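# Remarks on the overall topology
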Amino acid sequence: MLQFITNPSEKYTVAEEVRMAIEGGCRWIQLRMKNASDEEVKQTALSLIDICRDHDAFLVIDDRVNVVEELKVSGVHLGKNDMNPLEAREHLGPHAIIGATANTAEDILKYKGKDIDYIGLGPFRYTTTKEKLSPVLGLEGYKKIISEVRGAGMDIPIVAIGGITLEDVDDLMATGVSGIAVSGAIINAPDPMLYTSQIMEKLLGIPYDKE
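Residues numbered from 1 in each chain as written. Predicted model: local features only at pLDDT ≥ 70, side-chain atom pairs only at ≥ 80, totals over all residues. Heavy atoms only, no water.

## Quick word on the overall build of the protein
Assigned secondary structure in the protein consists of 9 helices and 8 strands. On C-alpha atoms alone, the protein measures out to a radius of gyration of 16 Å, which is about the 17 Å that the 2.2 N^0.38 rule sets for 211 residues. Dimensions along the principal axes, computed over C-alpha positions, put the protein at roughly 40 × 40 × 30 Å. Taking all 211 residues of the protein together, the buried fraction comes to 52%. Contacts spanning at least 24 positions in sequence make up 55% of the contacts within the protein whose residues lie at least 6 apart. Within the structure as shown, the protein displays about 10,400 Å² of accessible surface, and the carbon and sulfur contribution to it stands at 50%. In the protein, 22 positive and 33 negative side-chain charges are present, and the distance between their average locations comes to 4 Å. (Helix = DSSP H or I, 4+ residues; strand = E, 2+ residues; numbered from the N terminus. Rg over C-alpha atoms; globule rule 2.2 N^0.38 Å. Buried < 20%, exposed > 50% of the residue type's maximum accessible area, 1.4 Å probe, protein only. Contact = heavy atoms within 4.5 Å. Areas by Shrake-Rupley, 256 points an atom, 1.4 Å probe, with all protein chains shown as cover. Lys, Arg positive; Asp, Glu negative; His and termini not counted. Charge placed at Lys NZ, Arg CZ, Asp CG, Glu CD.)

Structural data, given as structure tokens:
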């Protein structure tokens, strides 16, 4: 699976970013606007809902549980300093997608048996799209953490995040992660739609047919 994470760009609006990612085959969008107001996030989300719905794509919003609750989008992604995911579940109900950020096996294992849908584990390498960066993990870090989490009997989907490019996909998937999240590499590609489709081809193991 591929999650595309929006990021402010001088080249594209958020809606343009999302459209290109979706046209490239991505079906999981995270709207991330850390420094925006709730109203700005809401208005941007409203511009994305139709295209996501038309392509059966999930739309999750970073942090803003209140906006997710109001707009009834697919779910929320919560960082370590955001609302507790279990509290978010109480607000959003049983059908919302709720993801949580982790940097260590301990971060993940504390959710064992809890109603969390996926973990965003990272960062893989240094990235400029996040202001407060946890220690980078690299391939060996992912292997170690995945082994520890699976060895503890926890099978929650784990998505690698942080500075990931097309060239990293095969090696990262070999660590046992369930998918990857990509932001800057797609936005900054000469052709973001093509770049997204190339990632999808690697993830699926077959040429991606967007039709």
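## Some details on the side chain of Thr 44
Mapped onto the secondary structure, Thr 44 falls in helix 2 (residues 38-54). What Thr 44 contacts, discounting residues up to four positions off in sequence, is Val 14, Leu 31 and Met 33.

## A short note on the packing of helix 1 (residues 14-23) against helix 2
Viewed as axis vectors pointing N to C, helix 1 and helix 2 meet at an angle of 20 degrees, and their least axial separation amounts to 9 Å. The orientation of helix 1 relative to helix 2 falls into the category roughly parallel. Like other packed secondary-structure pairs, helix 1 and helix 2 cross with a definite hand, here right-handed. From helix 1, Val 14, Ala 15, Val 18, Arg 19 and Ile 22 reach across to helix 2, where they touch Thr 44, Ser 47, Leu 48, Ile 51 and Cys 52. For the contact of helix 1 with helix 2, a count of residues per class yields 7 nonpolar, 2 polar and 1 charged. (Axes fitted to C-alpha atoms, helices over the stretch in contact; angles between N-to-C directions. Parallel < 35°, antiparallel > 145°, perpendicular 65-115°, else oblique. Left-handed = near helix turned anticlockwise from the far one by under 90°. Nonpolar A, V, L, I, M, F, W, Y, C, P; charged D, E, K, R; others polar.)

## Considerations on the packing of aromatic side chains
Throughout the structure, instances matching the rule amount to 2 aromatic pairs. Note on Trp 28 and Tyr 118: the rings are 4.8 Å apart at their centroids and 80 degrees apart in plane angle, and the pair reads as edge-to-face. Here Trp 28, found in strand 2 (residues 28-31), pairs with Tyr 118, found in strand 6 (residues 118-121); they are 90 residues apart in sequence, far enough to count as distant. On the basis of relative accessible area, Tyr 118 is assigned to the buried category, the value being 4%. For the ring pair Phe 124 and Tyr 142, a centre distance of 6.2 Å and an interplane angle of 50 degrees mean the geometry is tilted. Separated by 18 residues along the polypeptide, Phe 124 in the loop between strand 6 and helix 6 (138-151) and Tyr 142 in helix 6 bring together distant segments of the chain. Classification of Phe 124 as buried rests on a relative accessible area of 8%. Residue Tyr 142 is classed as buried on the basis of its relative accessible area of 0%. (Phe/Tyr/Trp six-rings, centres within 6.5 Å; stacked < 30°, edge-to-face > 60°.)

## Here's the deal with unusual backbone geometry
With an omega of 5 degrees, the peptide bond running from Gly 122 to Pro 123 counts as cis. Looking at the element boundaries, Pro 123 is found in the loop between strand 6 and helix 6. You will see that Asp 56, though not glycine, has its phi angle at about 55 degrees, which is positive. Within the secondary structure, Asp 56 is located in the loop between helix 2 and strand 3 (58-62). Of note in the backbone geometry, Lys 72 takes a positive phi value of approximately 60 degrees without being a glycine.

## Some points on helix 6
With 14 residues, helix 6 extends 20 Å from end C-alpha to end C-alpha; this agrees with the ideal 20 Å at 1.5 Å per step. Those residues of helix 6 that are buried lie in contact with helix 5 (105-109), strand 6, strand 7 (158-161) and helix 7 (169-173). Two residues or fewer past helix 6, Gly 153 is found with a positive phi of approximately 80 degrees. (Expected span 1.5 Å × (residues − 1).)

## Things to note about the environment of Phe 58
Looking at the secondary structure, you find Phe 58 in strand 3. Leaving out residues up to four positions away in the same chain, Phe 58 has contacts with Arg 27, Trp 28, Ile 29, Ser 74 and Ile 97.

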